[in-house]
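This is what each chain is made of:
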Amino acid sequence: MALATRTSDTSSAAGSHAPPVETWEQARSAARSAAGRALPPVAKDIPDALGHVLAEPLVARTDLPAFDTSAMDGWAVAGPGPWRLRRGEVLAGGRAELLATGTALSIATGAQLPPGAPLLASGAAPGTGGSCSRAARRCPSRR
């Protein structure tokens, strides 16, 4: 893993006092010259990386979480309405059983979408003013 150190080479600006700036362009120029140059990346083991920043993007090996989640509190709904409200709720970290067509179940933000529930109704209980939208997917490849 390539890392760069937290601080940059500011030896060119060390000890010097620049005159006050009057325009945004002067301010940008002063900021660019004060920052110095980026240091070259260095390889560090994770335990030795404290105080460093990544020098390149870090890509996960798998989707996290590995399932679709609710992006808001609302109702997981299956099939076209009207929906019959099912008892219970799905909280973050919990799992729901298959949701039958024509039913709705209360769902919390971050909870796993129940199988059979491709839609979320936000706001009030379905059929009482909530709006319905396609469930947000975390990974475009799963659409």
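Residues numbered from 1 in each chain as written. Predicted model: local features only at pLDDT ≥ 70, side-chain atom pairs only at ≥ 80, totals over all residues. Heavy atoms only, no water.

(A) Spotlight on the overall build of the protein chain. The helix and strand tally for the protein chain stands at one helix and eight strands. Shown N-terminal to C-terminal, the secondary structure of the protein chain runs as helices and strands in the order β-α-β-β-β-β-β-β-β. Within the protein chain, buried positions represent 24% of all 143 residues. By element, 57% of the accessible surface of the protein chain is carried by carbon and sulfur atoms, the whole surface being about 10200 Å². (Helix = DSSP H or I, 4+ residues; strand = E, 2+ residues; numbered from the N terminus. Buried < 20%, exposed > 50% of the residue type's maximum accessible area, 1.4 Å probe, protein only. Areas by Shrake-Rupley, 256 points an atom, 1.4 Å probe, with all protein chains shown as cover.)

(B) Inspection of the side chain of Gln112 at higher detail. Its place among the elements puts Gln112 in the loop between strand S6 (103–107) and strand S7 (119–122). Once you skip the residues sitting within four places of it in the chain, Gln112 turns out to touch Phe67, Asp68, Thr69, Val90, Gly94, Arg95 and Ile107. (Contact = heavy atoms within 4.5 Å.)

(C) Seen up close, the pairing of S7. What you see with S7 is no split at all: Leu119 and Ala121 on one side and Leu120 and Ser122 on the other are buried throughout. Looking at chain direction, strand S4 (residues 74–77) and S7 are connected through four bridges and run antiparallel. The residue bridging Trp75 from the neighbouring strand is Ala121, located in S7. (Pairing = 2+ DSSP bridges.)

(D) Fine view of the pairing of S4. Bridge analysis of S4 against S6 gives four bridges, and the strand direction is antiparallel. Its bridge partner being in S6, Trp75 is matched across the sheet by Ser106.

(E) Quick peek at the nonpolar core. Counting residues in each nonpolar core, the largest one holds eleven residues, listed as Ala76, Ala78, Val90, Ala96, Leu99, Leu105, Ile107, Ala111, Leu113, Ala117 and Leu120. Contacts of Leu99, omitting those with residues within four sequence positions, involve Ala76, Val77, Ala78, Arg86, Ala104, Leu105, Pro114, Pro115, Gly116 and Ala117. Counting five residues, the second-largest nonpolar core is a separate cluster that includes Trp75, Val77, Ala104 and Leu119. (Core = buried A, V, L, I, M, F, W, Y, C linked by side-chain atoms within 4.5 Å.)

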